[in-house]
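# Coordinate analysis (summary)
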Amino acid sequence: MSPLVIPVSERDHIAGSFDAPVVLVEYGDFECPYCRRAHPIVKAAQRALGKELAFVFRHFPLAEIHRHATQAAEAAEAAGAQGKFWPMHDTLYEHQDALEVEDLLNYAGTLELDVTRFARELAHGEYLRKVRDDFRSGVRSGVNGTPTFFINGQRYDGEWTDGAVFIAALEQAAKLAHTESARG
Amino acid sequence: MAQQAERSKQSKILGAGTQAPDFELPSAPDKKLRLSSLRGHAVILVFYPADWSPVCGDQTALYNEILSDFREYGAELVGISVDGPWCHVAFANSRNLHYPLLSDFEPKGEVARKYGAYREGDGTSERALFVLDGDGVIRWSYLSPIDVNPGADGILQALESIAHRPAGTSTSTSAEARSGS
């Protein structure tokens, strides 16, 4: 099983605590239909596990087949710079078929971002490097498509399209983490 | 005996230290590529079963994205399957691929056989990766389960190790393989 080469750190977007017993990392692409499918399943897992789960999203845009993917990833970062990474992340998946620049600017407006700054940073490719760094870190960790999940640093090759199975795998990881911490 | 028979059915791909067999295959309906013409560069040979199959799609798309990283090592990436050149043209266009796809089409699978990467019965090549150094010596090879996209981490590690030990300073095993060929 492939381990996560670049550990979760302050540079990541994390929903939950670094100390959570289960840290789920997704390498995803905002224009990928499978990632879109995974989006509500991850949400359900977050609800089911509560504070037991921390979710980290890293960019893995397959730009040659998904024309809007890199720019959408940059938009999420630009929103993140204004404290709204997750609302933009959700918006992008919920509007996957509308990822042109004017759509992105609209979403920025809806999320009450400083749209002038958002537009400027997007135009200047301010976060392109961050997106590419995420992509490279994914390649190094054996990401072979999107979405690819890592549970507590190990690639999860199991079922995720069935939410119940996915949540059971995460709960199992939580149990394991608790056992280990009780021992340690 | 039964176990042996079972094992013999599996492909045994060429391993590290072996001189990569040379070949010439169509890279387009009117163009051919000879492996030895790439000497001086690291070469990544990607055998895959077929154009259009879903896992290959992901694999070719992934390599297409990482091409610039491969090229930072001066490496050339070449895909090989038993599909004909016209099929490759349509596939490469549809995926916007920026590296050549070679047709191991006539005689079918001849090159895959030389690398131990042909699936008798299926009539396709295996999903197998070979990284060659600038002298054409195989420095790393990997046979993936047919339905699993092997990713690119192994390729990048192999290229890194070649970069740290440039061509001409190969290990003794590969030197033996060279003198033997």
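We now turn to the structure provided with this report. Please read all numbers here as calculations on a predicted model, not as lab measurements.

Let's shift gears to the overall build of chain A. Scanning chain A from N- to C-terminus turns up seven helices and five strands. From first element to last, N terminus to C terminus, chain A shows the α and β order β-β-α-β-α-α-α-α-α-β-β-α. The globule rule puts the C-alpha radius of gyration for 184 residues at 16 Å, and the 16 Å found for chain A is close to it. A buried classification covers 42% of the 184 residues belonging to chain A.

Time to look at the pairing of strand 3 (residues 53-59) of chain A. Residue and element names in this part refer to chain A. The buried count for strand 3 comes to six of seven residues, which makes it a mostly enclosed element. In this sheet, strand 3 lies alongside strand 1 (residues 13-15) in antiparallel orientation, the contact comprising three bridges. Bridging across to strand 3, A15 finds its partner in F55. Of the pairings in the sheet, the one linking strand 2 (residues 22-28) to strand 3 comprises seven bridges and is parallel in character. Bridging from a neighbouring strand, G28 pairs with H59 of strand 3. As a crossover connection, the stretch from strand 2 through helix 1 (residues 33-49) into strand 3 is right-handed.

Every contact between the two is made by 14 residues of chain B and, on the other side, twelve residues of chain A. If you tally residues by element for the side of chain B that touches chain A, the top one is helix 2 (residues 54-72) of chain B, at six residues. Looking at the side of chain B that touches chain A residue by residue, the class counts come to six nonpolar, four polar and four charged.

Moving on to the environment of H88 of chain B. Within the secondary structure, H88 of chain B sits in helix 3 (residues 85-95). Not counting residues up to four positions away in its chain, the partners in contact with H88 of chain B are D51, D83, L101 and S103 of chain B.

Moving on, we get to the sheet that holds strand 8 (residues 127-132) of chain B. All names here are of chain B. Within the open sheet, the five strands sit side by side as 5-4-3-8-9. Their pairing is mixed. Both outer strands of the open sheet, strand 5 (101-103) and strand 9 (138-144), are each paired with one neighbouring strand and no more. Each strand of the sheet is rotated relative to its neighbour by a mean of 20°, with strand direction disregarded. Judged from the five bridges that link them, strand 3 (residues 43-47) and strand 8 form a sheet pairing that is antiparallel. Bridge pairing in strand 8 places F47 opposite A128. Contacts from helix 5 (residues 153-164) reach strand 3, strand 8 and strand 9, with the element oriented near 170° to strand 9.

What follows is about the packing of helix 2 (residues 69-80) of chain A against helix 5 (residues 115-123) of chain A. All names here are of chain A. Contact geometry of helix 2 with helix 5 gives a least axis separation of 10 Å together with a crossing angle of 135°. Considered as vectors, helix 2 and helix 5 are oriented oblique to each other. Considering the relative orientation of helix 2 and helix 5, their crossing is right-handed. From helix 2, E74, A75 and A78 reach across to helix 5, where they touch F118, E121 and L122. Of the residues in the contact of helix 2 with helix 5, the class split is four nonpolar, no polar and two charged.

Residues and elements named next belong to chain A. As summarised here, the arrangement of the five strands in space is 1-3-2-4-5, forming an open sheet in which the pairing is mixed. The open sheet has two edge strands, strand 1 and strand 5 (154-156), and neither has a second partner. Between one strand axis and the next, the sheet turns by 30° as a mean value, whatever way the strands run. Where strand 4 (residues 148-151) lies against strand 5, three bridges are found, and the strand directions are antiparallel.

Time to look at the nonpolar core. One finds I44 and V46 of chain B to be the most contacted residues of the largest nonpolar core, which totals 65 residues. Tallying contributions element by element places helix 2 of chain A first for this core, with seven residues. Not counting residues up to four positions away in its chain, the partners in contact with I44 of chain B are F70, A75, L77, V78, V131 and I155 of chain B. Core analysis: the next-biggest nonpolar cluster, separate from the first, contains 24 residues, L53, A54, F55 and Y156 of chain A among them.

Parameters and conventions
- Residues numbered from 1 in each chain as written.
- Chains lettered and ligands numbered in written order.
- Predicted model: local features only at pLDDT ≥ 70, side-chain atom pairs only at ≥ 80, totals over all residues.
- Helix = DSSP H or I, 4+ residues; strand = E, 2+ residues; numbered from the N terminus.
- Rg over C-alpha atoms; globule rule 2.2 N^0.38 Å.
- Buried ≥ 20, exposed ≤ 12 C-beta atoms within 10 Å, placed from the backbone.
- Pairing = 2+ DSSP bridges.
- Right-handed = clockwise from strand over helix to strand, strands pointing away.
- Contact = placed C-beta atoms within 7 Å.
- Nonpolar A, V, L, I, M, F, W, Y, C, P; charged D, E, K, R; others polar.
- Axes fitted to C-alpha atoms, helices over the stretch in contact; angles between N-to-C directions.
- Parallel < 35°, antiparallel > 145°, perpendicular 65-115°, else oblique.
- Left-handed = near helix turned anticlockwise from the far one by under 90°.
- Core = buried A, V, L, I, M, F, W, Y, C linked by C-beta atoms within 7 Å.

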